[in-house]
Amino acid sequence: MRTDTAQPVRLSEYRAPDYLIDHVDLDIRLHLSATHVRARLSIRPNPLGRPGAPLTLDGDGLSATTVLLDGGALDLGVIAIGPERLTIAEPPRKAFELTIDTIVDPSANTQLMGLYRSGSAYCTQCEAEGFRRITYFLDRPDVLSVYTTRIEAEKAQAPVLLGNGNLVESGDIPGSSRHYAIWHDPHPKPCYLFALVGGDLGSIHDAFTTRSGREVKLGIYVEHGKESRAAYAMDALKRCMRWDEEAFGREYDLDVFNIVAVSDFNMGAMENKGLNVFNDKYVLALPGTATDLDYAHIEAVIAHEYFHNWTGNRITCRDWFQLCLKEGLTVFRDQEFSSDQRSRPVKRISDIRALRAAQFPEDGGPLAHNVRPDTYLEINNFYTPTIYEKGAEVIRMLKALIGAEAFRRGMDLYFERCDGMAATVEDFIACFAEVSGRDLAQFMRWYSQAGTPTLKATSAYDTSARTFTLTLAQSTAPTPGQPDKQPLVIPVALGLVGSGGDLPLTTPAPHEDGGASARECASGVFELATETRKLVFHDIAERPAPSILRGFSAPVKLDLDSPAEDLLTLAARDTDLVNRWQAIQTSANRLLAASVATIRMGDVPAPDARFAEALASVIDAFAADPAFTAQAISLPTEADMAREIGVDVDPDAIHMARRELRRSLGLQLQPQLLKAYEALSTDAPYSPDARSAGARALRNTALDLIAAGDARTGADIAMRQFQSAHNMTDQFGALAVLSMIPGDQREQALDAFYRTHAADHLVVDKWFALQGLIPEASTFERVQTLMQHHAFTYANPNRLRSLIGSFAANLTQFHAADGRGYDLIASVVLEMDSRNPQVAARLLGAFRTWRSMEAGRRLHAQAALQRVAEAQGLSADVRDIVDRSLA
Ligand SMILES: [Zn+2]
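Overview of the structure.

### Brief notes about the overall build of the protein
Piece 1. Per the secondary structure count, the protein includes 28 helices and 32 strands.
Piece 2. A globule of 887 residues ought to have a C-alpha radius of gyration of about 29 Å, and the protein, at 28 Å, matches this closely.
Piece 3. Here the protein holds 887 residues, and the buried ones make up 60% of them.
Piece 4. Look at the contacts in the protein between residues 6 or more apart in sequence, and 71% of them connect residues 24 or more apart.
Piece 5. Carbon and sulfur atoms make up 53% of the accessible area of the protein, which amounts to about 33,000 Å² in all.

### With respect to the packing of aromatic side chains
Piece 1. Under the criterion given, the structure shown has 34 aromatic pairs.
Piece 2. Taken together, a centroid distance of 4.8 Å and an interplanar angle of 80° make the contact between tyrosine 232 and tyrosine 295 edge-to-face. Of this pair, tyrosine 232 sits in helix H1 (residues 231-248) while tyrosine 295 sits in helix H2 (residues 292-307), placing them 63 residues apart in sequence.
Piece 3. Using a relative accessible area of 12% as the deciding quantity, one classes tyrosine 232 as buried.
Piece 4. When the centroid spacing of 6.4 Å and the interplanar angle of 50° are considered together, the rings of tyrosine 383 and tyrosine 388 count as tilted.

### Description of the coordination of the zinc ion
Piece 1. Listed as protein donors to the zinc ion are His304 (NE2), His308 (NE2), Glu327 (OE) and Glu327 (OE); their distances from the metal cover 2.0 to 2.8 Å.
Piece 2. Relative to the metal, the four donor atoms surrounding the zinc ion lie at angles of 52 to 152°, and the coordination shape comes out irregular.
Piece 3. Taken in sequence order, the residues that donate to the zinc ion follow the motif H-x3-H-x18-E. Of this pair, histidine 304 sits in helix H2 while glutamate 327 sits in helix H3 (residues 323-341), placing them 23 residues apart in sequence.
Piece 4. Classification of histidine 304 as buried rests on a relative accessible area of 7%.

### With respect to helix H22 (residues 779-787)
Piece 1. Along H22, the positions that sit buried rather than exposed are Thr779, Phe780, Arg782, Val783, Leu786 and Met787. All buried residues of H22 lie within an arc of 160° about the axis, which places them on one face of the element.

### A look at the pattern of salt bridges
Piece 1. Per the counting criterion, the structure on display carries 74 salt bridges.
Piece 2. Across the pair glutamate 152 and arginine 150 runs a salt bridge whose closest N-O atoms are separated by 3.0 Å.
Piece 3. With a relative accessible area of 7%, glutamate 152 lands in the buried category.
Piece 4. Linking arginine 314 and aspartate 253 is a salt bridge whose minimum nitrogen-to-oxygen distance equals 2.8 Å. Highlighted residues: arginine 314 in the loop between H2 and strand E22 (316-317) and aspartate 253 in the loop between H1 and strand E19 (256-262), separated in sequence by 61 residues.
Piece 5. The class of aspartate 253 is buried, set by a relative accessible area of 9%.
Piece 6. Here the salt bridges do not stand alone but share partners, grouping Asp27, Arg29, Arg150, Glu152, Glu154 and Arg178 into one network.

### What to know about the environment of leucine 762
Piece 1. As for its position among the elements, leucine 762 is in helix H21 (residues 761-772).
Piece 2. Take leucine 762: its relative accessible area is 13%, and that puts it in the buried class.
Piece 3. Placed 460 residues apart in sequence, leucine 762 and isoleucine 302 show a C-alpha to C-alpha distance of 18 Å.
Piece 4. Residues within four places of leucine 762 in sequence aside, it is in contact with Asp280, Lys281, Leu284 and Asn798.

### What about the pairing of strand E17 (residues 202-209)?
Piece 1. Sheet topology places E17 next to strand E18 (residues 215-222); eight bridges connect them, and they run antiparallel. Note on E18: the bridge partner recorded for phenylalanine 208 is valine 216.
Piece 2. In this antiparallel pair of consecutive strands, E17 and E18, the connection spans five residues, and glycine 213 shows a positive phi of 95°.

### Some remarks on the sheet that holds strand E4 (residues 55-58)
Piece 1. As summarised here, the arrangement of the three strands in space is E4-E8-E7, forming an open sheet in which the pairing is antiparallel. Looking at which strands have only one partner, the edges of the open sheet turn out to be E4 and strand E7 (79-81). Taking the axes of each pair of neighbouring strands and ignoring which way they run, one obtains an average angle of 10° across the sheet.
Piece 2. Strand direction decides the pairing type here: E7 and strand E8 (residues 85-88), joined by three bridges, are antiparallel. Looking across to E8, one finds that isoleucine 81 is bridged to leucine 86.

The rules behind each value
Residues numbered from 1 in each chain as written. Predicted model: local features only at pLDDT ≥ 70, side-chain atom pairs only at ≥ 80, totals over all residues. Heavy atoms only, no water. Helix = DSSP H or I, 4+ residues; strand = E, 2+ residues; numbered from the N terminus. Rg over C-alpha atoms; globule rule 2.2 N^0.38 Å. Buried < 20%, exposed > 50% of the residue type's maximum accessible area, 1.4 Å probe, protein only. Contact = heavy atoms within 4.5 Å. Areas by Shrake-Rupley, 256 points an atom, 1.4 Å probe, with all protein chains shown as cover. Phe/Tyr/Trp six-rings, centres within 6.5 Å; stacked < 30°, edge-to-face > 60°. Donors = N, O, S within 2.8 Å, 3.2 Å for Na, K, Ca; no water. Tetrahedral: all angles 85-135°; square planar, octahedral: opposite > 155°, others 65-115°. Arc of directions from axis to C-beta. Salt bridge = Lys/Arg side-chain N within 4 Å of Asp/Glu carboxyl O. Pairing = 2+ DSSP bridges. Axes fitted to C-alpha atoms, helices over the stretch in contact; angles between N-to-C directions.

Written as structure tokens, this is what we have:
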């Protein structure tokens with residue numbers, strides 16, 4: 001394990017590698033505790049490197065039993081071998097072959113990086129720096145090699161042997177109980193994309209014919225007995241392969257594509273070339289075990305990893321600073337795929353919710369960093385919402401700025417020009433500058449400037465001149481290491497909503513006061529590239545309600561001076577569904593913020609009749625789009641409110657304000673909610689399609705609000721639904737409602753749920769997660785008791801995240817006023833760190849908003865963080881997060 005002496009790595013110090021490795025020949029003999037790895041590396045000096053430089057290969061906890069140079073032993077003194085590097089002081093100045101033998105222990109690997117055991121299978125995870133835990137190597141993404149991998153194992157223990165690329169040979173080893181398989185991947189790749197799997201696994205198979213006629217064999221490997229649960233993942237795989245051909249012109253390039261689902265996995269999934277390894281929660285689904293949300297996640301993650309084949313694998317990153325080049329772009333691609341498969345506005349709304357829930361707090365706290373960082377101590381800590389989700393938003397803005405047609409031409413140019421390369425963000429952006437003829441230098445600031453910008457919009461209507469003036473202003477608060485911010489290029493999609501719908505957008509010519517280009521007026525996308533910009537719209541016959549940032553056209557905080565009536569107009573009539581939803585959210589946020597202030601003054605907040613009326617009309621129109629209605633009537637979460645309030649946050653006041661608003665809405669809207677609930681009840685067999693899922697989402701959201709208003713009525717309906725449900729979405733939706741209502745009924749339902757699903761680890765994760773989220777003081781004891789449950793373990797990241805991760809996301813209980821929530825998480829982080837630093841560091845990220853809390857909580861959080869900081873032998877991962885959190 002790398003400990004806390006890590007040195008910072010800086011983008012400005014990037015240097016091309018001194019050596020290249022053209023071919024890697026691996027012979028891996030799998031064994032539970034002593035796997036032999038022989039690597040034969042064809043190495044040559046890099047013409048772009050320093051001539052005669054020493055060769056230093058990376059290792060992590062390795063020792064070599066043999067090192068041969070062109071088949072001959074090396075003198076000691078010429079070679080230095082330690083756990084973290086293998087150095088040859090004066091390697092040959094021409095091509096040579098290095099043979100290295102190492103022995104690794106997969107069973108003892110609790111970090112789940114490199115070669116490890118998950119259940120009864122061997123598997124690997126090499127991104128970012130796991131390959132160096134298997135053999136010594138130039139473990140950096142700009143060293144691309146062609147791999148041939150021979151895997152050997154006990155046939156009974158691992159009848160299935162999978163590697164990257166195409167299978168070229170397999171067979172038994174005569175006179176032994178072992179067998180082997182040889183895989184060859186013709187596409188040069190960095191070592192982080194290496195993978196192997198060996199195990200006794202079940203599988204399902206299918207085929208896909210690419211549009212140029214290549215027949216691709218598809219396989220999904222799962223635990224025996226779970227084959228039927230992989231059918232939806234296979235269906236999603238075929239759909240996304242077709243979609244990438246149609247939407248991006250990208251075809252698959254090997255004869256086989258395999259996916260393996262394992263239960264012990266640090267991340268969601270991994271795009272290893274031709275052999276994706278997945279956290280099984282993103283593969284396995286049956287109606288009785290997976291919710292609609294699980295199905296949607298499976299579809300998205302299968303697509304994400306598949307799309308990496310072009311954005312990540314064929315074109316990889318030059319260095320880890322460019323991580324967003326593959327991740328932001330691939331998230332954008334999977335979001336587009338899901339939008340095309342489902343409802344585009346509903347998908348957009350759920351992405352906006354996720355961005356605000358995870359990325360905005362990161363960008364506003366001590367862990368804020370650029371979409372392309374300048375420096376890192378531990379790259380594992382940069383697999384963040386900023387790199388992924390904000391990275392995707394940057395691509396979305398690029399498309400909005402240059403238009404869909406130029407965007408597609410830019411992507412085509414990128415695929416053509418950079419194929420086979422380890423590229424940079426500059427290489428990528430240059431393609432779009434070239435096809436669009438635009439200077440994108442200022443746009444690059446989105447990659448180099450951290451923090452969420454605030455977009456302030458003020459407006460004035462002049463009745464006599466019939467003009468509407470909109471003034472847009474941007475600002476970004478300082479972030480760690482970046483005190484001064486420069487203006488960004490912000491695409492602001494807008495509309496002016498009048499009584500008869502959208503008004504035409506007519507402005508003076510671009511160079512005149514308040515002017516805009518014809519292109520801006522036609523597209524409705526206006527560019528804010530300076531600190532402020534005034535737009536004057538002509539021939540506006542009535543005072544319109546401005547609909548700003550339609551489709552959430554930029555990842556900014558919108559500060560709007562619109563009166564409450566405007567928001568209600570938008571909620572009822574905006575042609576942009578995202579902003580219709582947003583208007584309701586903004587109205588709710590304003591009401592809730594006022595309530596929080598009232599509660600903290602010791603008063604009781606008053607209900608708001610107009611808001612309830614607006615929601616009533618939304619519910620009345622549910623039949624048009626139940627999925628949208630479900631989003632529209634879901635109030636901002638407690639975390640949303642904490643973020644909106646921003647400073648001196650009191651979680652208990654937030655909880656009370658939100659509970660009161662939900663109680664009053666649930667009571668007032670009960671007839672409408674019951675009507676929608678009943679109308680959407682169906683005996684039809686379960687189907688995970690978007691329309692059916694939308695109906696279930698609205699039913700469960702309606703039930704939740706009914707219960708918030710009237711716990712008895714809600715509990716009765718929920719209990720009935722819980723007992724009669726024939727799919728997990730309805731059963732779990734009912735259980736979630738019951739879990740919020742204290743009493744015997746809740747405990748009985750939780751017990752019954754566990755007893756029914758005890759054998760299914762993914763469903764048991766849901767059961768743990770739900771209990772960590774209960775916003776009651778007794779949840780602390782509940783979580784401690786559950787940590788003693790025989791099904792709880794620190795060894796499985798999903799299980800840890802389900803109970804401890806959900807508790808860390810429980811606003812009132814993690815941030816309990818007496819600090820015990822902070823202490824619990826700090827203790828678990830310390831316990832986890834020696835076992836799995838990556839997961840420990842991620843959990844510690846729960847403290848990212850501690851400075852926004854009120855003073856008492858801040859002191860407790862600081863003390864808990866200090867306790868972590870002072871612990872001996874911290875991993876580099878946790879050291880990095882704790883130091884940044886306290887800085
Ligand atoms: Zn990815």
